[in-house]
There are 2 protein chains.
Amino acid sequence: MTRRRAAIALVMATLACLATYPARADDGYGLWLGPAADTATGAEIEVPRRSPTIDRAAAELRRSLPHLPAAVMLATSNASHLVMLDLDTRALGHEGYLIREVKIGNRPVILVTGNSDVAVLYGAFSLLRHVRAGESTAAINIASAPAIPLRLLNHWDNLDGSVERGYAGQSLWDWWTLPDFKDPRYDDYARANASIGINGTVLNNVNAKAESLTAPYLARAAALADVFRPWGIRVYLTARFSAPIELGGLKTADPRDPAVAAWWQAKADEIYRLIPDFGGFLVKANSEGQPGPRDYGASHADGANMLAAALRPHGGTVLWRAFVYADTDPTDRAKQAYSEFRPLDGKFADNVIVQVKNGPIDFQPREPVHPLFGAMPRTRLAAEFQITKEYLGFATHLAYLGPLFEEALDTQTGQARGQTVAATLGAISGVANIGRDRDWAGSTFNQANWYAFGRLAWDPKLSSQTIAREWSRQTFGNDAQVTDTVTAMMLRSREAVVDYTGPFGLAHLFGPDHHYGPGPWIADLKRPEWNPVYYHRADSDGIGFDRTASGSNAIGQYAPTIAARLARPETTPPQFLLWFHHLPWTYPMPGGETLWSAMVRRYDHGVAEVEAMRKQWATLKSRVDAERWAKTDAYLGIQAREARWWRDASLTYWMSLNHLPLPAGSPPPAHDLAWYKQQRFPFAPGAPH
Amino acid sequence: MTRRRAAIALVMATLACLATYPARADDGYGLWLGPAADTATGAEIEVPRRSPTIDRAAAELRRSLPHLPAAVMLATSNASHLVMLDLDTRALGHEGYLIREVKIGNRPVILVTGNSDVAVLYGAFSLLRHVRAGESTAAINIASAPAIPLRLLNHWDNLDGSVERGYAGQSLWDWWTLPDFKDPRYDDYARANASIGINGTVLNNVNAKAESLTAPYLARAAALADVFRPWGIRVYLTARFSAPIELGGLKTADPRDPAVAAWWQAKADEIYRLIPDFGGFLVKANSEGQPGPRDYGASHADGANMLAAALRPHGGTVLWRAFVYADTDPTDRAKQAYSEFRPLDGKFADNVIVQVKNGPIDFQPREPVHPLFGAMPRTRLAAEFQITKEYLGFATHLAYLGPLFEEALDTQTGQARGQTVAATLGAISGVANIGRDRDWAGSTFNQANWYAFGRLAWDPKLSSQTIAREWSRQTFGNDAQVTDTVTAMMLRSREAVVDYTGPFGLAHLFGPDHHYGPGPWIADLKRPEWNPVYYHRADSDGIGFDRTASGSNAIGQYAPTIAARLARPETTPPQFLLWFHHLPWTYPMPGGETLWSAMVRRYDHGVAEVEAMRKQWATLKSRVDAERWAKTDAYLGIQAREARWWRDASLTYWMSLNHLPLPAGSPPPAHDLAWYKQQRFPFAPGAPH
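Parameters and conventions
Residues numbered from 1 in each chain as written. Chains lettered and ligands numbered in written order. Predicted model: local features only at pLDDT ≥ 70, side-chain atom pairs only at ≥ 80, totals over all residues. Heavy atoms only, no water. UniProt positions renumbered as here; feature names shortened; annotations may be inferred. Buried < 20%, exposed > 50% of the residue type's maximum accessible area, 1.4 Å probe, protein only. Helix = DSSP H or I, 4+ residues; strand = E, 2+ residues; numbered from the N terminus. Pairing = 2+ DSSP bridges. Contact = heavy atoms within 4.5 Å. Buried area = accessible area lost by both parts, 1.4 Å probe. Salt bridge = Lys/Arg side-chain N within 4 Å of Asp/Glu carboxyl O. Polar contact = N/O pair within 3.5 Å; in protein donor to acceptor, adjacent residues only side chain to side chain. Axes fitted to C-alpha atoms, helices over the stretch in contact; angles between N-to-C directions. Core = buried A, V, L, I, M, F, W, Y, C linked by side-chain atoms within 4.5 Å. Parallel < 35°, antiparallel > 145°, perpendicular 65-115°, else oblique. Nonpolar A, V, L, I, M, F, W, Y, C, P; charged D, E, K, R; others polar. Least-squares fit on C-alpha atoms with pLDDT ≥ 70 in both.

Per an unreviewed UniProt entry, chain A goes by Xylan alpha-1,2-glucuronidase and derives from Novosphingobium subterraneum. The Catalytic activity (unreviewed entry) field of the UniProt record for chain A holds the comment "Hydrolysis of (1->2)-alpha-D-(4-O-methyl)glucuronosyl links in the main chain of hardwood xylans." Recorded in UniProt under Subunit (unreviewed entry), the annotation for chain A is "Homodimer."

The following block contains the structure:
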């Protein structure tokens, strides 16, 4: 009996060790801010004057900053005992910060200062980034001020909780339980935004419902504004242009009608009573079915200025979108916004900002910049980017958008000497990729796009590579192999999506409605410009959209120096070749291969790049927490399969037109064209409704 | 300078203490299972034979069980070294468990056993409940077997991620990333269900889409089944009856057509290849627009038996809902299901279960039990309860449903001596209240309804009070004041909702579509039985639905002893008075007051009970973690306001009919009837689409 017991005990002990159930790791909720550090070893934080904002700055440092050789002081530049330091903080403006080791009474202090409480908050987050990246605070001296004054998220969130083009779960805003219940997550959201310098958020969809301006919803927006205020974040709302009819019972929404103007003035007054620092309205007018001033023969400037007048007494801003194209306008869709808005330059009130998408079509994996940048010198402009990946694989595909943002912001407009797109901006908007998913953005790597948007909005001169490294270190820690590998994956990722969806400037080849899979063959949608064939114009002879003088002459909307380069395929950047030119399949590319051969090579390269990312990620299995590793690995598996699907479907279709063989070594598509055409996605997330 | 520094330092130190930012507490994700305990002090767990299920049982005990005087052994009853114990486990069946202190080789061991791995798992969770409630394990001897073999959740989850009548966020199932990505939350879901004995889950909405039966969705369901299997949980799917037309291209879905039967047989075969332990189909047929066998003149039995034949070779079950009522049937809606199904008793195949809602209408805060219970002795029946609070205030109102479930399960059918509803059941289904909200069910107290459903499904003889205490201790810990207060709140909560929405058996007075606020005045909807006025039949003289022989004679569907009591208002239980009788406003109630006066008193009581709950909760502020306390407090504030709204709107409307004054001391409604009629909820959650 004793021997038997001993044997059992041995077996038990062995099994006890084996029978562990895998532990949960990091679910990604902490974003780049990570979990709280052990406060017992924290830094000494000094706060001469408290405020809700300064308190948050102090709490951040107490939560995450390790012990430092010197105390950290958080104080605005007008604090009395900073006077003797004689700091010149004028260049910091309202939001810029200074982090500098100073002596206060012979004692070394790491001073975090600025001309406002929120500047100090931004400085605190900057100091955290600095320290958490392993940098020394000895003789620290960092000064930074934002290049663009308004740095906004645009939430395309509907009042029913759905999110148009959202792939990270429901809307964060639980309108049903607001204003009574303020989910602690609202605070976490504002904190994350403040940490990267976002200073405004548009709560609801540009495809707006008038109800968002009713008293119950304004009370709810006000509750969110109360949560966001200490973090330096202002609330904006979209405004449905016909709201005076729908809510006010007026017969018209004509912006020139005094009753309409009075209705908006009263509405603005009502809003500011609830939200004294309300940011303003974002308006999608006369675009894709939305009402607007053109319904009454008035101009976009008439509409925007009427709203701007209502906001002016309160200091609010109108963001008026330039994303317009008309089913009655037969000209190249890429030209229509410029044609409509360029003549209005100088006609907008000074609290109007015209918000222009980064490219002339619609958030494609790659577009040339919009010709309006630099072309409206007497108008304040905003650039609108999409952080959510409507056309880049939704939440599952890994596509780091830092390079996309950077490419657009750094582009020379050609309109003024050395002028970049970034230099033309009074505001920047990013269509949010945020929802109620636990990891906020649908994947860990999608968090990097939110991060990169904020960082570039603050400082467009940062490189996307620098941001990728910085984000990786904040998110995964300072393991050099992780940082190097993650950064390398990120930097190849967006180009991979371009390659497997539409190389050489091909665009808008997505299946309709869902915008997920390939649909280059689609030609039967009602409006011509809804069809992929409108954009690629491929036939048996060639492919591409002739936007030169022999075609739509969209190049004529760019500055002459730019237009001259785009006029000829030889001088057009290869990544925009087929955006601007219709070329034969046999067009000789630099190096001698045909266009067709080069296209196939790019598709194959896109597929190979995803496989390369998978392999890179596999090397990090033991270096990244299990939960984030496994989800990313699963998503890369999806992306690998779907990159191949994109490549195969596209090539099969092109071959049905050009009847050319695949170059040697390029594998045949897995299915015939009919199979690809049959794929359906009836419940794809993010579709508008 | 030194004094100044000292002064500054003093101020700093003071402020450093003050400037703490409130810390996050418990977000409710852990449900009643709580956070993991410190494993360093854990119990000794012995596992003679491992399996995925036993491993999970062992992990649970290692995670949460404190050190015990004896080792715990997890073993099925056929384990070789249990033979000498000569345990009689026959009465335990397949799922029942035994927890008993035994001697194995003179060593005391707490044995957790049963006739299957899942029985051991259930035993492990039972042991955990026992210990976490502070009970001793000395001479422990617990044997328990489930009273109802199939204990199912029904998810009304749509393929687009929305949840019909769901108030806790999106569907848990992320169909878009399945089957590639298995969210760890799927495992947590299964674990929580296993801990309360749930052994099956219907993944999708009874208002079904045919697409749920296509290959892509079956692969996704199979991935979930793989996660759930070790937890003893089988996957079921709803089946759209017309799928052979929509997916198979057949001209008919007539269940008597051999091609239709062959299509379903092939579909069942396909499913079982992917999910060998697939549970079966849940079907809503010929109900609220859903297709079904009646479309072809065939009976519900014809339809159910055809599907049952397809599942029979694989051991699957058809759950066929009895929730039918027809716009072509002018008789009392409460009678129609019985009229249609009672004649089919004995005609259903033995792998068909007819699933009957607890009451004859639709999940009202209170209904009498459905007359079909006990009336189909030759048919297997399931009771369908709603755990989600479609008619009880969505996620925000606190309404513990244990008493509602208990009341129905304990009701005598009158059909056989001593027979309760529970005794008639071969299955029990609960319409889930679970979504992607962090706390799963939209509030902490909603978690108790999920818990109570599972516990009562296992053992309908448990009292709802016992379950409330047990849940409170698992959820909030063993602080006696918390347990007592929480239990007291829970036990008064459902009756409060009954009182402020519809006392004395009034029902279905909700605004249409949203089913949230009061709409007793609504009379203009297309089908008569969609209108609240259909149910209350109030006019200047009286109120209530005459279901006696002088009216619809619905009472004739109950057993004669029951019907005899219901025939007269004097012998009808007061809580069902107006369900069965139309009575004058001046009808004298027991004790002498008029019906109207008694009604007003109940409305006022409902409002007062919510205020009482608020006060009780306030006493727990320092005893419950901050996050769960604050959310519950905010929700109770909403409920208090809305209880008053319900009371005021209802009384205002009744007074517009009966022109009676309010009894002395009862406060006048806050608004006039027109105001209440104007309230709109265009974006209420959970509406079908």
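With respect to the pairing of strand S12 (residues 380-386) of chain A
Residues and elements named next belong to chain A. Most of S12 is tucked away: 6 of the 7 residues are buried. Relative to S12, strand S11 (residues 352-357) is paired through 5 bridges, and the arrangement is parallel. Looking across to S12, one finds that Lys 357 is bridged to Glu 384. In this sheet, strand S13 (residues 425-431) lies alongside S12 in parallel orientation, the contact comprising 6 bridges.

A few points about the interface of chain B and chain A
Of the residues lining the interface, 61 residues belong to chain B; the matching set on chain A comes to 61 residues. Both faces combined, the contact of chain B with chain A buries some 5,200 Å², and carbon together with sulfur accounts for 64% of it. Taken together, the connections running from chain B to chain A amount to 6 salt bridges. The salt bridge partner of Asp27(A) is Arg438(B), with a shortest N-O separation of 3.9 Å. Counting across the interface, chain B meets chain A through 5 residue pairs in polar contact (both at pLDDT 80 or more). Counting residues per element, the ones that place at least two in the side of chain B that touches chain A are helix H1 (2-18), strand S1 (45-46), helix H2 (52-64), helix H4 (184-195) and helix H18 (626-658) of chain B. Element by element, the count of residues in the side of chain B that touches chain A is highest for H1(B), at 7 residues.

With respect to the sheet that holds S12(A)
Residues and elements named next belong to chain A. The 8 strands are arranged S6-S7-S8-S9-S10-S11-S12-S13 in a closed barrel whose pairing can be described as parallel. If you compare each strand with its neighbour and ignore which way they point, the axes differ by 25 degrees on average. Two elements, strand S6 (residues 150-154) and strand S7 (residues 200-202), share 3 bridges in a ladder whose sense is parallel. Counterpart to Asn 154 in the pairing with S7 is Val 202. Sheet contacts for helix H11 (residues 444-458): S6, S12 and S13; angle to S6, the most-contacted strand, approximately 160 degrees.

Let's talk about the nonpolar core
Counting 182 residues, the largest nonpolar core has Leu74(B), Phe228(B) and Trp264(B) as the members making the most contacts within it. Setting aside anything within four residues of it in sequence, one finds Leu74(B) in contact with Ile45(B), Glu46(B), Val47(B), Pro48(B), Ile54(B), Ala57(B), Ala58(B), Leu61(B), Val112(B), Val120(B) and Ala124(B). In terms of nonpolar packing, the next biggest core, distinct from the first, is built from 181 residues, Ala223(A), Leu237(A), Phe281(A) and Leu409(A) among them.

Describing the UniProt feature "domain: Alpha glucuronidase N-terminal" (unreviewed entry) in chain A
Within the UniProt annotation, "domain: Alpha glucuronidase N-terminal" (unreviewed entry) is assigned to residues 70-127 of chain A. In residues 70-127 of chain A, helix accounts for 19% and strand for 34%; the two terminal C-alpha atoms are 13 Å from one another.

Here we look at the environment of Thr76(B)
Residues and elements named next belong to chain B. Along the polypeptide, Thr 76 turns up in the loop between strand S2 (71-74) and strand S3 (97-104). For Thr 76, the contacting residues outside a window of four places in its chain are Arg 49, Leu 82, Thr 113, Gly 114, Ser 116, Asp 117 and Val 120. At 3.3 Å, the side chain of Thr 76 and the side chain of Arg 49 are in polar contact.

Overview of the pattern of salt bridges
In the structure shown here, the tally under the stated rule is 86 salt bridges over all chains. A salt bridge links Arg378(B) to Asp345(B); its shortest N-O distance comes to 3.9 Å. Here the residue Arg378(B) occupies a position in the loop between strand S11 (352-357) and strand S12 (380-386), and Asp345(B) occupies one in the loop between helix H9 (333-341) and S11, the gap between them amounting to 33 residues. You can call Arg378(B) exposed: its relative accessible area is 61%. A residue is classified by how much of its surface remains accessible, and Asp345(B), at 6% relative accessible area, is buried. Taken together, the shared-partner salt bridges connect Asp27(A), Arg438(A), Asp27(B) and Arg438(B) into one network.

Considerations on the side chain of Asp437(B)
Tracing the backbone shows Asp437(B) in the loop between strand S13 (425-431) and helix H11 (444-458). Side chain to side chain, Asp437(B) and Arg436(A) meet in a polar contact 3.2 Å long. Excluding residues within four positions of it along the chain, Asp437(B) makes contact with Arg436(A), Tyr167(B), Ala168(B), Gly169(B), Arg185(B) and Gly442(B).

Things to note about the packing of H2(B) against helix H3 (residues 117-132) of chain B
Residues and elements named next belong to chain B. Contact pair H2 / H3: the axes reach a minimum separation of 8 Å and the direction vectors enclose 10 degrees. By the criterion of interaxial angle, the relationship of H2 to H3 is roughly parallel. When H2 is examined against H3, the residues Thr 53, Ile 54, Arg 56, Ala 57, Glu 60, Leu 61 and Ser 64 are found in contact with a partner set consisting of Asp 117, Val 118, Val 120, Leu 121, Ala 124, Phe 125, Leu 127 and Leu 128. Looking at the contact of H2 with H3, its residues break down into 10 nonpolar, 2 polar and 3 charged.

A short note on the relation of the copies chain B and chain A
Look at the two chain copies: a rotation about an axis and a shift along it is all it takes to match them. You can overlay chain B on chain A at an RMSD of 0.0 Å; the transform is a turn of 180 degrees with a shift of 0.0 Å along its axis. Viewed as a symmetry operation, the transformation between the two copies matches a two-fold axis. Relative to the rotation axis, the C-alpha of Gln170(B) is the closest in chain B, positioned 3.3 Å from it. Here 98% of the interface residues in chain B have copies in chain A that are interface residues too; the copies meet face to matching face.

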